[in-house]
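# Overview (structure and organization)
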Amino acid sequence: MNIEKVLFVIYSIENKSGMNRFIDLAYSLKGLVQFDELQLLKDEYAQFYKNDRIGPFDTEEELIRFSYLLSEKSRMEAVCLCGSEAINTALTKVSKVSDLNEALFEVGEILENPEEKKRGLFSGLLN
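Remember, predicted model here, so these are calculated numbers, not experimental data.

## Description of the overall build of the protein
In terms of regular secondary structure, the protein is built from four helices and seven strands. When the helices and strands of the protein are listed from N to C terminus, the series reads β-β-β-β-β-α-β-α-α-β-α. Across the 127 residues that make up the protein, the buried fraction comes to 39%. Partitioning the intrachain contacts of the protein with sequence separation of at least 6 by distance along the chain shows that 60% fall at a separation of at least 24. When the accessible surface of the protein is summed, it comes to about 7,700 Å², and 49% of that surface belongs to carbon and sulfur atoms.

Below, the structure is given as structure tokens:
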């Protein structure tokens, strides 16, 4: 998997709201995903966008499904889910910020986006 085709999704778990999960940040090597500019957060998922983060998601499965949707909208092939444990582990492995993405890629949970893989396969056949 090429790191340039991965959407990094940084999430947190909020204990005071019943262990709900929130997406705090999403980015790729191309740049930050601007939540306030995403049409899907203005339309069918508007109820999830509050206080500059997306959520709450009651289960990890809901978080994963929405992360796939973000990666699809960003035209990425995979998601790297990073919670606080993955971030803390990655920070102990690097000595400079430029190496952080590689460390997150190693310790985060990589989930390949099945829709993007299909699109890539068919676009190659059609060209």
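## A closer look at the nonpolar core
Counting residues in hydrophobic clusters, the biggest one holds 22 residues, and the most contacted among them are Ile 23, Phe 35, Ile 54, Phe 66, Leu 70 and Leu 81. The biggest single contributor to this core is helix α1 (residues 60-73), with five residues. Ranked by size, the runner-up nonpolar core spans 14 residues in total, among them Ile 3, Phe 8, Cys 80 and Ala 103.

## With respect to unusual backbone geometry
With an omega dihedral of 5 degrees, the bond running from Gly 55 to Pro 56 counts as a cis peptide bond. Tracing the backbone shows Pro 56 in strand β5 (residues 53-57). Its identity as a non-glycine residue notwithstanding, Asn 51 has a phi of 50 degrees, on the positive side. Along the chain, Asn 51 turns up in the loop between β4 (49-50) and β5. For Asn 51, a relative accessible area of 72% translates into the label exposed.

The rules behind these values
- Residue positions are given per chain, counted from 1 along the sequence in the order it is written.
- Local features in this predicted model are restricted to residues of pLDDT 70 or higher, and side-chain atom pairs are both shown and tallied only at a pLDDT of 80 or more, whereas totals for entire chains, interfaces and linings draw on every residue.
- With hydrogens and water excluded, all non-hydrogen atoms of the structure serve as input to the side-chain values.
- Starting at the N terminus, helices and strands are each numbered in turn, a helix being any DSSP run of H or I of at least four residues and a strand any DSSP run of E of at least two.
- With a 1.4 Å probe rolled over the protein chains alone, any residue whose accessible area is under 20% of its type maximum counts as buried; one over 50% counts as exposed, and the rest are partly exposed.
- It only takes one pair of heavy atoms within 4.5 Å for two residues to be counted as in contact.
- Note that accessible areas follow from Shrake-Rupley with a 1.4 Å probe, and for residues the cover is restricted to the protein chains shown.
- The criterion is simple. A nonpolar core is a set of buried Ala, Val, Leu, Ile, Met, Phe, Trp, Tyr and Cys residues joined through side-chain atoms within 4.5 Å.

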